Amino acid sequence: MRFVGDIALDAEVRAIASGAITDGAPVVVNADGTVRSSASVTTTNTEAVTTAFAEVSSGHQAASGSCLVYDTNAKRFVLIFKDGDNSNYGTAIVVEINTSNFSLSYGSPVVFHSASIGNVKRSACFDSSNNKVVVVYTDSASDDGQVKVGTVDPSDNSISFGSAVEYAGSDNSSTPSICYDSTNNKFVIVYTGDYGGSNVGQAIVGTVSGTSTSFGSVATFEAASTIEAQAVHDVATNKIVIRYIDVANSYYGTGIIGTISGTSISFGTASVYNSSQEFGAGEVIYDSTNNKTVFLYSDYADGEKGKARVVSISGTSISYGTEVTFESQKGPRIAATFDSNIGKVAVGYYDETPTNMRHITGTVSGTDISFGSELDITSDTAQPTAGCAAFDPNTGKVLYVARNITDSSSPYVAVVQVGGDSTDAPLTSENFIGFANAAYADGQKATVKTTGSIARNIPQVGSASDVLSSASTYGAISTAPVLAVDTANNRIVIAGRDADYGTGKAIVGTIDTSNDTVSFGSLVEFEDGNNTENFQIVFDSNSNKVVIVYTDSADSGKGKAVVGTVDSSDNSISFGTIVEFEAGATSNVKASFDSNSNKVVIVYKDAGNSYYFTSIVGTVSGTDISFGTAVVIVSSNYSYFCNTFDSSNNKVVVGLRGASSHGQAYVGTVSGTSISWGTVATFHTSAQPRYMDAAFDTNVNKVIFSYMAGGDSSKGYAVVGTVSGTDITFGTPTKFHDATLSQTGMAFDSTTNKFLIAYTDDADSDKGNYITGSISGTTPSFGSETVLDSGRALQPTVEYDTGNKRTVINYRDTSGVGTIKLFSHTGSPEDLTIGQQYFVQTDGSLGTSADSPSVIAGTAIGASDIIVKG
């Protein structure tokens, strides 16, 4: 074996070929030790029951439904049920999956309502802002709708509850269902109101505070008789999607869109998805991989077959994809959840012929859904509890709750795992071993080069003007990644929530302008709590430090900040002491750096003070940061902030969705460790702006906001602002994308005096797009929209690197992997040569961006050679 530095060259393995292998093909190893071309391997996602039908707690009967919810903070499930062996009292049990052997363990049953309750299916949600389980139920004696807040203690698998709060008066609630809105940090209850009377469909918005709740006003979404209402938060559109059965309209399956504003909810026009009778046994599930909501239901008028349709949302209107049958037999009592590990909808149901409990997965593509093969979970002994399923991202397991027909309806739990076939494994980063040295027939002894160089054809990229680089991926920061440019060390720094369920981590990258790639150091943890969120990162050019601000949801949602120091010698980063800037709960945290006063300015919603829009000033000293006194900007609960620093006028400018859902702005002046604010200015009436970002154009000394205008069918807009003293005025809002989008990111290129907006194109399968523009007077003008990523590009953040003269675009791609692309306004065609990393695609070809799964092939060392990963 030959070595160059630490790289071993020309290492090979020899094995028997399984199937034909072409010369130079990427090769994987099978479980039996044979090797095959990666192109001949198909991803089968074989499913298996790892722990089936374990009794939850003897002596307890799950009567009339139950509900299962996952607490991402405690990493535990909570089972809510009506205990038929204890006077139908409302009862809760904490369920844990043991990661060592995937068995189940349980806490002791806890009575949360010492009286008979009504049906509790789909009646619990997890509030990730407050790390609480919220349970809704009906007191059977009075039909009063009540809510309790539960806190899980993972040390002993216990749960405790606060006091009951009534949301609906006497005889005014039946079959309530609940969902959590992670954008507005609210929960929504949908139910049959005026029970025993008109039975109208109603909804109400609730807010958790400590272990109690408060509510807005009741809103009616269906004035006629309804049953079986369920709701889910569609994160991509920030809408509440309600599925219900319209009794007054021949029991047709119907959907409607709700929009939350403060503590109120309003509705669009209802639309029928199933012109046939239904009597329950359905689900509404949000697919966070494809950003689609899915309706699952039992079509009573068609033999009670199990069916599904994908929901599409435009503004407040709802439409549906093709109806698909996933179970042609009678009786699917449907329990479903979304398995984010594989990006599929997991469905459990009861097959009456034969009487088995079964499982199937559905894959959303565009506006339609397709299903795989059925899997028997039990044989002739169980029925799934309708609406009672949940996914554990910690172990990658789906849990279904079932009723044991032969054992007095005792609650049982079935655990299902979805994984690859072990004998004919699909391409993964683990089984890819290298490239074939020659062509081999089935059964021949094949030689596979596991390290060393192999000739490949390298394509050209780039153009004579605008150049967008291929992707550089950094992996594990898979949620809400944010970006800053450290101009002192000529590095980029990315921070966010790690795939390890909430841990805050950061990573440092170096841009190579010779081939427009980014190399990264190691991930470094700065917060070891669970479910950190609302990240923002800024560079303090006075101290040459980065500052990360965030919400620590594992610590009551407190606002925190930490200072990071970059070491350019090894692309590492170290952190000082974590400091609280807000002892109460925070959300919608944003930050900017005031280079005039050398202060970090943070704006946020203060949940401990009526969710008022609040600001605070931070000062970096050494490796730590300290803060002045918080200042309320406006005494109202507003959302969707953005901010930037006007270096011409030495002012901080914030944009937000303000009063009456108008687009509004404030100008702030830092003095010492405090900040004062001017009067409000409106830039877009009734815009309902969301996913805002801001930049400052140093060429014309103007502020520019980008945003999604929910008031205009969620189209993309930009507006230019001019600061004068403590006030700001605006030009006319200009549309840059005439279709639904979300999650804009923006930066200004001071070299070419252009700005770039990157965004998620919701109207085109969440593809990533970008557009460049410039400002003339108070009006922005734009070039052509261009594809950033033909897959998906979520949560883009954009910064301009003045040292490398590149706009850095940071986002999550189709696989949920953190991805960087570089953009320059001038350039020429470049060969992808030395230093470029390549990936094996699922069709056996090579590409410059990761496929799904992400499998690194190696790094190019010449025009037609690649160093194989070892």
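Note: the structure precedes this text.
Before going into details, it helps to say that this report is about the structure given with it. Within any chain, residue numbers begin from 1 and follow the written order of that chain's sequence. Only residues with pLDDT of at least 70 get local features here, since the model is predicted, and only at 80 or more are side-chain atom pairs given and counted; chain-wide, interface and lining totals rely on the full set of residues. Heavy atoms throughout the structure, all of them, feed into the side-chain values; hydrogens and water do not.

**Observations concerning the overall build of the protein**
Next up, step 1: Regarding its fold elements, the protein presents zero helices and 81 strands.
Next up, step 2: Counting all 870 residues of the protein, 60% fall into the buried class.
Next up, step 3: Sequence separation of at least 24 residues holds for 52% of the intrachain contacts in the protein that already meet a minimum separation of 6. A run of H or I in DSSP counts as a helix once it spans at least four residues, and a run of E counts as a strand once it spans at least two, with each numbered from the N terminus. Remark: exposure states derive from per-residue accessible area (1.4 Å probe, protein chains only) relative to the maximum for the residue type, with buried under 20%, exposed over 50%, and partly exposed in between. Any pair of residues with heavy atoms lying within 4.5 Å of one another is described as a contacting pair.

**With respect to the sheet that holds strand 3 (residues 12-16)**
Next up, step 1: Being paired, for any two strands, means DSSP has found at least two bridges between them. What the five strands build is an open sheet, ordered 3-40-39-4-5; its pairing is antiparallel. Each having just a single partner strand, strand 3 and strand 5 (35-37) make up the two edges of the open sheet. When strand polarity is set aside, the average angle formed by the axes of neighbouring strands in this sheet is 45 degrees.
Next up, step 2: As judged from the two bridges shared by strand 39 (residues 432-436) and strand 40 (residues 445-449), these two strands associate in the antiparallel manner. Of the residues in strand 40, the one forming a bridge with A436 is V448. Between N-to-C directions, angles cover 0 to 180 degrees, with each direction set by a line fitted to C-alpha atoms, over the stretch in contact for helices.

**Examining unusual backbone geometry**
Next up, step 1: With a phi angle near 55 degrees, E228 is a residue other than glycine that sits in the positive phi range.
Next up, step 2: Here E228 is to be found in strand 21 (residues 219-234).
Next up, step 3: Backbone geometry places N701, a non-glycine residue, at a positive phi of 55 degrees.

**Re the environment of A270**
Next up, step 1: Looking at the element boundaries, A270 is found in the loop between strand 24 (264-267) and strand 25 (271-277).
Next up, step 2: Remark: the alpha-carbon pair of A270 and S319, spanning 49 residues in sequence, is separated by 9.8 Å.
Next up, step 3: Contact partners of A270, with chain neighbours within four places excluded, come to Y244, T254, G255 and I256.

**Re the packing of aromatic side chains**
Next up, step 1: Any two of the Phe, Tyr and Trp rings considered here, Trp counted by its six-membered ring, make a pair once their centres fall within 6.5 Å; the pair's planes then place it as stacked at under 30 degrees, edge-to-face at over 60, or tilted in between. On inspection of all chains with the given rule, the structure shows 32 aromatic pairs.
Next up, step 2: Each ring, one from F326 and one from F371, has its centre 5.2 Å from the other, and the planes form 40 degrees; the classification is tilted. With F326 in strand 30 (residues 324-327) and F371 in strand 34 (residues 368-371), this pair connects stretches of sequence that are 45 residues apart.
Next up, step 3: For F326, a relative accessible area of 6% corresponds to the buried category.
Next up, step 4: A ring pair is formed by Y707 and Y717, whose centres lie 6.1 Å apart and whose planes are at 15 degrees; its orientation type is stacked. Taken together, the positions of Y707 in strand 65 (residues 702-709) and Y717 in strand 66 (residues 715-724) put the pair ten residues apart, joining distant regions of the chain. An identical accessibility class is assigned to Y707 and Y717; each is buried.
Next up, step 5: Sitting over the ring of Y611, K186 keeps its end group 4.7 Å from the ring centre. Charge-over-ring placement is defined geometrically: NZ (Lys) or CZ (Arg) within 6 Å of the ring centre, and within 35 degrees of the ring normal.

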